[in-house]
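This is what each chain is made of:
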Amino acid sequence: VTFELVDRAALGVDSVQLVSRNWLIRYDNQQYMQSSGAGVVGEFPVVSVAQPYYRYCSRVRDEPEGLVVCGFEGEFTVVPGTIDDPLGPKFSLPVPYIELPAPLELA
């Protein structure tokens, strides 16, 4: 997943910081699992004019055995400025459903 500061003028601030994320993960048997919590992979990245993007890779730790992830959707909650120095209220960035190619093989 890559966060990128695309239109600073429309945002009205020079930076945002990730506060939390919420994913709805779909498996090949049509089962769903929710994964949510603070930050991502133990970090609370700041995306700014000086650092315009942040990229990370994550996975669910307790995936049901034998099931394959087929897709996911969700949202990120961010704060303008930083968590320690907010410049406005938190807001959500929706992530539309993304289908993963099958078969998914991990190296």
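On a predicted model such as this, the values are computed, not experimentally measured, just so you know.

Here is what the cut-offs are and how they apply
Residues numbered from 1 in each chain as written. Predicted model: local features only at pLDDT ≥ 70, side-chain atom pairs only at ≥ 80, totals over all residues. Heavy atoms only, no water. Helix = DSSP H or I, 4+ residues; strand = E, 2+ residues; numbered from the N terminus. Buried < 20%, exposed > 50% of the residue type's maximum accessible area, 1.4 Å probe, protein only. Contact = heavy atoms within 4.5 Å. Areas by Shrake-Rupley, 256 points an atom, 1.4 Å probe, with all protein chains shown as cover. 1 Å grid on protein atoms, 1.4 Å probe; cavity = no way out; pocket = protein on both sides within 12 Å on 5 of 7 lines; lining within 4 Å. Points joined across faces, edges and corners; volume = space filled by probe spheres on them. Nonpolar A, V, L, I, M, F, W, Y, C, P; charged D, E, K, R; others polar. Phe/Tyr/Trp six-rings, centres within 6.5 Å; stacked < 30°, edge-to-face > 60°. pLDDT = per-residue confidence, 0-100.

Caption draft 1: Seen up close, the overall build of the chain. Per the secondary structure count, the chain includes one helix and seven strands. Listing the helices and strands of the chain from first to last along the sequence gives β-α-β-β-β-β-β-β. Every one of the 107 residues in the chain was classed for burial, and the buried ones make up 32%. Contacts spanning at least 24 positions in sequence make up 63% of the contacts within the chain whose residues lie at least 6 apart. As presented, the chain carries roughly 7200 Å² of accessible surface, and 52% of it is formed by carbon and sulfur atoms.

Caption draft 2: Spatial organisation of the layout of surface pockets. Space inside the second largest pocket adds up to approximately 300 Å³. What lines the second largest pocket is a set of 18 residues, among which F3, E4, L5, V16 and L93 lie closest to the centre. Ranked by residue count, the leading element in the lining of the second largest pocket is strand β7 (residues 91–99), at four residues. Residues of the lining of the second largest pocket, tallied by class, amount to 16 nonpolar, one polar and one charged.

Caption draft 3: Broad picture of the environment of V19. The topology assignment puts V19 in strand β2 (residues 15–27). Between the alpha carbons of V19 and V79 there is a distance of 6.8 Å; along the sequence they are 60 residues apart. Those residues within four positions of V19 in sequence are excluded, and the remaining contacts are A38, G39, F44, T77, V78, V79, I83 and K90.

Caption draft 4: Examining the packing of aromatic side chains more closely. Taken as a whole, this structure holds six aromatic pairs when the rule is applied. Taking 6.2 Å as the distance between ring centres and 20° as the angle between the ring planes, the aromatic pair formed by F3 and Y56 counts as stacked. Placement of F3 in strand β1 (residues 2–4) and of Y56 in the loop between β5 (53–55) and β6 (69–80) is noted, with a sequence separation of 53 residues between them. When its relative accessible area of 7% is taken as the criterion, Y56 is described as buried. Centre to centre, the rings of F3 and F76 are 4.5 Å apart; their planes meet at 65°, and the pair counts as edge-to-face. With F3 in strand β1 and F76 in strand β6, this residue pair connects regions lying 73 residues apart in the sequence. Every member of this aromatic cluster is reached through a ring pair, and the members are F3, W23, Y54, Y56, F72 and F76.

Caption draft 5: Seen up close, the confidence of the model for the chain. The predicted model of the chain has a mean per-residue pLDDT of 84, with 86% of residues at 70 or higher. Ranking the helices and strands of the chain by mean pLDDT puts strand β4 (residues 46–48) first, with 93, and helix α1 (residues 8–11) last, with 81.

Caption draft 6: Molecular detail of unusual backbone geometry. Even without a glycine there, the phi angle at Q30 is positive, about 70°. Note that Q30 resides in the loop between β2 and β3 (32–38). Residue classification places Q30 among the partly exposed residues on the basis of a relative accessible area of 49%. We note that V41 has phi near 40°; this positive angle belongs to a residue other than glycine. Within the secondary structure, V41 is located in the loop between β3 and β4.

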